[in-house]
Each structure stands twice: as structure tokens, then as C-alpha cells.
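One letter stands for each residue in the lines below.
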Amino acid sequence: MLPSERALKSVESGEVDADFGRVMGGTAGYQNMIELTESLSEITLLAVVKKGSPITAITPPDLKSRKVGLLRGTKMAEGLMGKLGTEATPVNTNQQLYQMLTNDRFEVALTTSTLPVPPDMVASVTVLPAPVAVAKVVHVLGKKWSAYGPKLDAALKAMKADGRWAKLLPNSK
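Notes on the structure in this doc start here. Keep in mind that this is a model prediction, so the values were computed, not measured. (Residues numbered from 1 in each chain as written. Predicted model: local features only at pLDDT ≥ 70, side-chain atom pairs only at ≥ 80, totals over all residues. Heavy atoms only, no water.)

Looking at the overall build of the protein
(1) Moving on: Within the protein, the secondary structure is distributed over five helices and eight strands.
(2) Moving on: Helices and strands in the protein line up, N terminus first, as α-β-β-β-β-α-β-α-β-β-β-α-α.
(3) Moving on: Seen through its principal axes, the protein has C-alpha atoms that stretch 50 × 35 × 30 Å.
(4) Moving on: In the protein, of all internal contacts separated by at least 6 residues, the share reaching a separation of at least 24 is 66%. (Helix = DSSP H or I, 4+ residues; strand = E, 2+ residues; numbered from the N terminus. Contact = heavy atoms within 4.5 Å.)

What follows is the structure, given as C-alpha cells:
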């Protein structure tokens, strides 16, 4: 388990062979890796607000008028903020993200469905029900393994078709 950016750089340099569970399109700009085409699952970008906040829903355009925080290296959140042409406050740990939110350092925290709210912060925050964004998740291989890409895609497609994938990952799509 490497931080997001380090994982990509490690695949790019050949230090590791692959990265599991990368948002589709998240390897743009890297030359020595390929993304598989068959989606493993979906990941959602969620908005979290301080308990009692009047904010009940957030859409991407809404983020332009809000003070936003995000976990450094969360490519899905960083990419969205970049597309919107606005900045967010980056933090280094998941715990810090929620502490700063509850201390009114920003109004909205962006997180992914893979990062749980720390147990000691659950009573202090509200995860808004509608996702801000949804993306497909794929496997990434170092280019030296690119010949295996079509084989892995075919195997995953077959596992989805016969139901094995759903048994392994019941919440996958």
C-alpha cells in the first residue's frame, strides 16, 4: 500500500509491476504504464460536511463557491478541482481532513468511498448522500507487462459474465 502518487511513480519507474484500483484515466502523462480497459469496480467521490451544516448536497459547480479540503494524493478530488479551475486545501492525513473540517478550516471535505471516516469523527460530520462524481476503476500495468493486458481484460470480462467477479466483489459494477 503506497500513497497514490508514489504508487504511480513506482509503476512508471519499474520499481513495481502494477497498481491495483486506479481511477480510469488517472495515468495521463505517464509513459511507462498502461491501463486495462475492463473496469474492476466504481469509486465515488463524496462530499463531507460538519454536522449541522446547512449544506445538504454538492455538485461539482458548487465547489467553486465553497472552501474545500481534500487529502493530498486523492487524484479523483485533485483532478476535479483542477478541471473546475479552483483550489482546495490539501491535507496529509485522513484524520487531519476531518479535524480541519470540524474546526471550520473549510466547509466541504472531498473524500472517496474507499476512505472511511475515522471512528472518533463519525458523530461530528455528515457524509452527503449523493456522490459528487463516480469513476470506473481499472488495473494499471508497467509497460513491460503490456502483453498481459488483453489477457487480464479477457479474464476479468469472463469472470463478470459467469458471476465469479460478483461473488468476489459483491459491490462491484
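Overview of helix 2 (residues 75–84)
(1) Moving on: The set of residues buried in helix 2 consists of M76, A77, L80, M81 and L84. The arc that holds every buried residue of helix 2, seen down its axis, measures 130 degrees, which confines them to one face. Facing away from the buried side of helix 2 by over 90 degrees, the exposed positions are G82 and K83.
(2) Moving on: On its buried face, helix 2 is in contact with strand 1 (18–23), strand 3 (41–50), strand 4 (68–71), strand 6 (108–112) and strand 8 (133–142).
(3) Moving on: Phi for G85, located one or two positions after helix 2, is positive at around 70 degrees. (Buried < 20%, exposed > 50% of the residue type's maximum accessible area, 1.4 Å probe, protein only. Arc of directions from axis to C-beta.)

Overview of the nonpolar core
(1) Moving on: Ranked by size, the top nonpolar core spans 26 residues in total, and within it I58, L63, M81, V108, L110 and V132 carry the most contacts.
(2) Moving on: The set of elements that each furnish at least two residues to this core consists of strand 3, strand 4, helix 2, strand 6, strand 8 and helix 4 (149–162).
(3) Moving on: No other element matches helix 2, which puts five residues into this core.
(4) Moving on: Among residues more than four places away in sequence, those in contact with L110 are L45, L46, A47, L63, V68, G69, L70, L71, A77, M81, L97 and V132.
(5) Moving on: Core analysis: the second largest hydrophobic core is formed by 12 residues, V48, M100, L101 and V125 among them. (Core = buried A, V, L, I, M, F, W, Y, C linked by side-chain atoms within 4.5 Å.)

Looking at the pairing of strand 4
(1) Moving on: Neither face of strand 4 is left uncovered, since the one carrying V68 and L70 and the one carrying G69 and L71 both have all their residues buried.
(2) Moving on: With three bridges connecting them, strand 4 and strand 6 associate as parallel partners. Considered in strand 6, the bridge of V68 is made with V108.
(3) Moving on: As for the winding sense of the linkage, the β-α-β connection from strand 4 through helix 2 to strand 5 (residues 89–91) is right-handed. (Pairing = 2+ DSSP bridges. Right-handed = clockwise from strand over helix to strand, strands pointing away.)

Observations concerning unusual backbone geometry
(1) Moving on: The phi dihedral of D104 falls on the positive side, at around 60 degrees, and the residue is not glycine.
(2) Moving on: Relative to the helices and strands, D104 resides in the loop between helix 3 (94–102) and strand 6.

Examining the pattern of salt bridges
(1) Moving on: Within this structure, the stated rule accounts for eight salt bridges.
(2) Moving on: One salt bridge in this structure joins K50 and D104, with 3.2 Å as the shortest N-O distance. In this pair, K50 is assigned in strand 3 and D104 in the loop between helix 3 and strand 6, connecting sequence segments 54 residues apart.
(3) Moving on: The shortest N-O distance in the salt bridge between R164 and D162 comes to 2.8 Å.
(4) Moving on: Given the relative accessible area of 47%, D162 is considered partly exposed. (Salt bridge = Lys/Arg side-chain N within 4 Å of Asp/Glu carboxyl O.)

With respect to the packing of aromatic side chains
(1) Moving on: Counted according to the given criterion, the structure contains one aromatic pair.
(2) Moving on: Their ring planes at 50 degrees and their centres at 5.8 Å tell us that W145 and Y148 sit as a pair that is tilted. (Phe/Tyr/Trp six-rings, centres within 6.5 Å; stacked < 30°, edge-to-face > 60°.)

A few points about the side chain of T27
(1) Moving on: Note that T27 resides in the loop between strand 1 and strand 2 (33–35).
(2) Moving on: On the basis of relative accessibility, which here comes to 9%, the residue T27 falls in the buried class.
(3) Moving on: The residues contacting T27, other than those within four sequence positions of it, are L8, R22, M33, E35 and V140.

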